Amino acid sequence: MWLTGLIVLCGTALTTQAIGVETYHAEFVIESNVTMDISTVLGSLNLSQISQPGNISVTKLNLTAVCEIVGDQSTCNCSFGYVWSNAVCNNLNCCSDTSCSANISDFINICIPKVTVCLSGLVTIAGSLTVSGPDLAKTLTKEFQNLNGFKGLKVTGNRSTNADFEVELSVIFENANLTRVITVLESELRATITVVSSGLVSIKYPKETVDYNSLQTLNCTYGQAIDSTGWDLTNGNITSNIDNGIVSEVTFESGNSSSHPSKTNIIIRKVTGNWAGKYTCSFSKGPKVKHVASAQLDVALLPDVITMTTKPLSVDCSHKTESIVEVKATIQATTEPYTVMATYNNKEQTVTNTSNMAQINYTSKIEINCQTTQGSSQSVTYTFTNRNNKNKEGTISFPVFYEGDTTCPAEKDWPETPSGSTVVSQECEAGKVGSKERTCSKNKWLEILSKCISENLKKVANAANDFAQGLGATQAVALSIFSGLKNSSTSDSSMNLAETQESINVLNTMATASATIDLTESILPDFLGAASNILNNSWEVLTSSNKSLLHNMSSKYLNSVEGLVRNIQVNNTQDLITHNLDLKIWRVEPNTTCNHTVFGVAVILNASSGRVKTMAMKELGKNLEMKFTDTQPPSIILTAILENSSSRINIKLSFPPIEGRTEDSEVFCVFWNTSTNEWSREGCWLNSIENQTFCECNHLTSFSMLMSKTSVSLPFLDEITYVGLGVSICSLLVFLVIEVFVWSAVVKSNLSHFRHTAMVNISLCLFLADCSFLASSFPQDRSPTWCLVLTVCKHFFFTAMFFWMLCLSLMLLHQVIFVFSPLRRRVYMFISSILGYVCPTVIVGATYVYCRYTGTNYHDHETCWLKYEGLLEGSIHAFILPVGTIVLTNMFSMAVVILTLLKSSIPEGGKEDDKETVKSIMKAVVFLTPVFGVTWALGFAVLMTDKDPINPVFHYTFTIVNSLQGFFILLAGCFAEKRVRDELCKLITSGRPASKSKSESMKNLTTSNTKD
């Protein structure tokens, strides 16, 4: 009797050069008494039957399963290193390493390679565990052994209410099977079970030592569908959650299979000491199953902060030939093996170091030769070099005085110091950290400038900085930050100037973070308490009447508090009041008028729907800069924010009677312009009834904002904008439809093809730009992501429109100057495509990347447009400069055309010819102005006259002319061209031929009736 065996060879990878890598599975039946020869098996493969063409080679051949067949009975086993696949286990109940007597020939993946998968679990019960360690292990094993590839289970910790356990598997299991096991066990044990797996997630990370401040990317993949992902960083003994922030960017892409896996990436833009450590990515399926993978990011660190001190603070060379100065550099404790060098006068000095758990001190004693030393200030530089041979320097200067120098006498902690020098001491009061500075002016000491802040406030500031970067950005951490700030600021007005400034910086940091990291209403009480406490201090006294410092602090405080109130997510109605802040949040019902009071100010708001946040602030108005002369600052500042509404905002504020107001006094209704940091009357007006004062404001986005340094609000400017844009969009649609119908009839020559191609692209870009502008009309109702997307769209499409205008201008200029050297169609289309779309893409992309890299704002969240921050500062210059250059070039082209028209008419000399010349010139100006974008030159007038009385005139003119640009393009591009008119008439009259026109002269080139 013969025995036959079925030998299955799987995982045969055949490489096709044209399409990548494919895997094929083959089955071979051989006699059991024949020794298997791999080379024979290879030779038996018929590669010609593979459907894909190309050069194919067998790269791997593995024996995965062997079946013994006796008659109708078969017994199959997986080879060493392989186990039954999940498909076989689920359908035939042949799992792990067991023998299988079922028919496995219908399955593609029969046996799969073993992998190492570990499960760490926690069993928790509300009362106490009624099952002992061995019995618990048996109960858990009974269910977990149903998972394919089960190898073993052990209980690693058994406590009164919970127990830890570990499971070892050799197969990548399916989530559904694990969930089924957990459900059964929870019911049987009446407990909650959570499981974390390792070995299922693939993580890619830089394995070499990376540079300090470099950009690094890590990514994880998991071959099944999941619900959520997350990243954690373990640095030392501290584990922090990672979210989107200034430094980190986390992305997630959901998948459902090994061919389309779930993915999560993290980008660290600047790797510093805080970002070195073990990164763990996690994929969660429901609340009880999590799959993780970890990797160590090895960073060649450099000190984040180098604190340098000298002892003594100044050097006395008045009666000495030499002096010794001890210079110390202190850094945070680290395991990085630095090479440290101290230099003085370009000479290396001896360095010693001491360390403790928190910091490392490097000390060098410098010998000062008083006879050869020149100058009143000397410096020492410490250079820290890491493993990657990158370095960072810290330098400290110390004053030196000689015999006869004017000095300030020694006073307590301050040594004798030469005039004009500032000495810095790192000594602060107990419980505070920072430094103190004191300047010697002539022979008198100035007041001490203390930069010492409490240790608790310093910890809060560090936590806020980490939070904004994306490290530890959780609600619990945010609550801890505001709680700590509230406790540090206290309400007893005991903070010094440095602590007040640092507290405001914390608010500003958290406001910046809240733009990308969600904050919930649970933080409101502590946030308002901290913000109120900060206002208790007399800022004017703290700043010693330094108006510039006072105004900067006040403006930053206002912007920060308003930003936080705007970004904090609120679900319920709130009514929170502190000593200096009054916040009310309520929902607007449809077709109703809301009326609420904050600190005695009635807020009346007309809107169709949405949520309103209204906050009033005391003690701040007197600190903000007031440019109105002979005015009394406001006692209460109010901010109102409307969310989740597309309706027009109408706000009326009813202020209580103003005490001491005389009949000849004037009341101003103003709003705080966050772009210019000053009070403005634009968009607000005053109504007074008897002794009651009403202030009404109505702010929307106007079209002239595109070429303005700040957002503007003038009467009827918004209405003009939206009516003009509506007409323009409709006109552009009509133009594009007409071009579709008449295209084949009007582009029979190269020049007409060039012109109409440019006009179609100009119209298309302007159409999309106008639509993007309308979509961003209510910036306060757009999410940060949509605001950014619309800003990018407007930036790109408006810029692309101008580059296509440049293509049209250059084509016309070439035709006028080089009459006998016509452009080839292929050359023009290639150049115009590069100019029309590649150049705008480069400009927009480079601007965005530069802003992200430098940490500056690409766009203004309040206008959804590019940011102006000063002369040649701000992203708006990436729009203004290209536009200005193109407009000047197009104006030059217009001038050349006009001069050509004048030159062509000179020989005639008659009056009729003069009239024709004037007509031709007028046509050139009228029809070339909109298609060349010359009207946008008015935008530069808007820019240059932003503070002049004539500025509103330019705003209105710019808005009217350019919001209707699409209408002018329709007139110039269609109805002004005879060939298009004739073809339209022909289409309308159902095929009746259009009358032939007379030949045109050079004068009609600019009216788009060019004869080719």
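Up top is the structure.
Residues numbered from 1 in each chain as written. Predicted model: local features only at pLDDT ≥ 70, side-chain atom pairs only at ≥ 80, totals over all residues. Heavy atoms only, no water.

Novice: Explain helix α20 (residues 978-988) to me, please; I cannot follow it from the model alone.
Specialist: The set of residues buried in α20 consists of V980, D982, E983 and L984. Residues of α20 that are buried in the fold lie against α11 (717-746), α12 (750-775) and α19 (965-975). (Buried < 20%, exposed > 50% of the residue type's maximum accessible area, 1.4 Å probe, protein only. Helix = DSSP H or I, 4+ residues; strand = E, 2+ residues; numbered from the N terminus. Contact = heavy atoms within 4.5 Å.)

Novice: For this particular structure, what's the right way to read the state of the cysteines?
Specialist: Cysteine pairs can be linked by a disulfide, which is a covalent bond between their two sulfur atoms. Evaluated as defined, the whole model comprises nine disulfides. Each sulfur of the disulfide joining C317 and C370 lies 2.0 Å from the other. With the S-S dihedral at roughly -65 degrees, the linkage between C317 and C370 falls on the left-handed side. A residue pair is termed long-range when its members are at least 10 positions apart, and C317 in strand β22 (residues 315-317) and C370 in the loop between β27 (359-369) and β28 (377-385) qualify at 53 residues. (Disulfide = S-S within 2.5 Å.)

Novice: Hey, could you run me through the pattern of salt bridges in this one?
Specialist: Two side chains with opposite charge may pair up if their charged atoms get near one another. A complete count under the given rule lists 19 salt bridges for this structure. Ionic pairing is found between E249 and R269, a salt bridge with its closest N-O pair at 3.0 Å. Remark: R269 occurs in the loop between β17 (262-268) and β18 (277-285) and E249 occurs in strand β16 (residues 248-253); sequence separation between them is 20 residues. What emerges from the salt-bridge pattern is a single network uniting E249, R269 and R852. (Salt bridge = Lys/Arg side-chain N within 4 Å of Asp/Glu carboxyl O.)

Novice: Teacher, can you tell me more about the side chain of N890 here?
Specialist: Along the chain, the position of N890 falls in helix α15 (residues 877-905). Here N890 is in contact with M805, L806, S809 and F932, once residues within four sequence places are set aside.

Novice: Sorry if this is basic, but what is going on with the side chain of S240 here?
Specialist: Within the secondary structure, S240 is located in strand β15 (residues 238-242). Leave out the neighbours within four places in its chain, and S240 touches W231, D232, L233, L471 and G472.

Novice: When you look at helix α5 (residues 455-469) in this model, what are you seeing that I'm missing?
Specialist: The periodicity of an α-helix, 3.6 residues per turn, causes residues three or four places apart in sequence to face the same way. Between its terminal C-alpha atoms α5 stretches 21 Å, which fits the 21 Å expected from 15 residues at 1.5 Å a residue. Residues of α5 that are buried include every one of L457, V460, A461, A464, F467 and A468, and no others. Looking straight down α5, one finds that the buried residues subtend no more than 120 degrees of arc, so they occupy a single side. Where the residues of α5 are buried, they touch β37 (453-454), α6 (475-489) and α7 (497-514). Directly after α5, the chain includes G470, whose backbone phi takes a positive value near 110 degrees. (Expected span 1.5 Å × (residues − 1). Arc of directions from axis to C-beta.)

Novice: Help me out: how do you make sense of the sheet that holds strand β19 (residues 289-297) in this one?
Specialist: Note: strands within a sheet are paired through backbone hydrogen bonds, in either parallel or antiparallel orientation. Sheet architecture is open: eight strands sit in the order β8-β9-β7-β10-β19-β18-β14-β15, paired in mixed fashion. The open sheet terminates on both sides in strands that have one partner only, identified here as β8 (150-158) and β15. When the angles between neighbouring strand axes are averaged without regard to direction, this sheet yields 25 degrees. Direction of pairing for strand β7 (residues 117-124) relative to strand β9 (residues 162-169): antiparallel, over a ladder of eight bridges. The residue bridging L122 from the neighbouring strand is D164, located in β9. The strands that helix α3 (residues 133-144) touches are β7, β8 and β9; relative to β8, the one it contacts most, it runs at about 150 degrees. Relative to strand β10 (residues 192-198), helix α4 (residues 175-189) is tilted by about 150 degrees, and along the sheet it contacts β7, β10, β18 and β19. (Pairing = 2+ DSSP bridges. Axes fitted to C-alpha atoms, helices over the stretch in contact; angles between N-to-C directions.)

Novice: I tried to follow the nonpolar core on my own but got confused; where do I start?
Specialist: Looking at soluble globular proteins, one finds that nonpolar side chains tend to be buried together. Counting residues in hydrophobic clusters, the biggest one holds 77 residues, and the most contacted among them are F144, Y279 and Y382. Ranked by the residues each element gives to this core, the list is headed by α4, at five residues. By size, the runner-up hydrophobic cluster in this structure holds 63 residues, among which are F767, M801, M805 and L970. (Core = buried A, V, L, I, M, F, W, Y, C linked by side-chain atoms within 4.5 Å.)

Novice: Even after reading the chapter, I still don't get the pairing of strand β43 (residues 636-643), so can you show me in this structure?
Specialist: With seven of eight residues buried, β43 is to be regarded as a mostly interior element. With eight bridges connecting them, strand β42 (residues 610-618) and β43 associate as antiparallel partners. For R611, the partnering residue across the bridge sits in β43 and is E643.

Novice: Please explain the sheet that holds strand β26 (residues 352-355) as it appears in this structure.
Specialist: Within the open sheet, the four strands sit side by side as β21-β23-β27-β26. Their pairing is antiparallel. With one partner strand each, in any of the chains shown, β21 (307-311) and β26 form the two edges of the open sheet. In this sheet, neighbouring strand axes are inclined to one another by 25 degrees on average, regardless of whether the strands run parallel or antiparallel.

Novice: Which parts of the structure should I look at to understand the packing of α12 against helix α13 (residues 784-817)?
Specialist: A pair of packed helices can be characterised by two numbers: the angle between their axes and the separation between those axes. The geometry of α12 relative to α13 is characterised by a closest axis approach of 8 Å and an angle of 160 degrees between their N-to-C directions. The orientation of α12 relative to α13 falls into the category roughly antiparallel. In the packing of α12 onto α13, the handedness of the crossing is left-handed. Split into classes, the residues belonging to the contact of α12 with α13 amount to 21 nonpolar, four polar and three charged. (Parallel < 35°, antiparallel > 145°, perpendicular 65-115°, else oblique. Left-handed = near helix turned anticlockwise from the far one by under 90°. Nonpolar A, V, L, I, M, F, W, Y, C, P; charged D, E, K, R; others polar.)

Novice: Mind showing me how you'd approach the packing of aromatic side chains here?
Specialist: The description of an aromatic ring pair uses the distance of the two centres, along with the angle that the planes make with each other. Applying the stated rule across the entire model yields 14 aromatic pairs. Ring centres of W804 and Y837 lie 5.6 Å apart, and the angle between their planes is 65 degrees; this geometry places the pair in the edge-to-face category. Taken as a pair, W804 in helix α13 and Y837 in helix α14 (residues 825-854) lie far apart in primary sequence, 33 residues in all. Look at W804 and you get buried, because its relative accessible area is 2%. You can call Y837 partly exposed: its relative accessible area is 27%. Ring pairs connect the aromatic residues Y338, Y362 and F384, which therefore count as one cluster. Over the aromatic face of F599 sits the side chain of K618, whose NZ or CZ is 4.3 Å from the ring centroid. (Phe/Tyr/Trp six-rings, centres within 6.5 Å; stacked < 30°, edge-to-face > 60°. Lys NZ or Arg CZ within 6 Å of the ring centre and 35° of its normal.)

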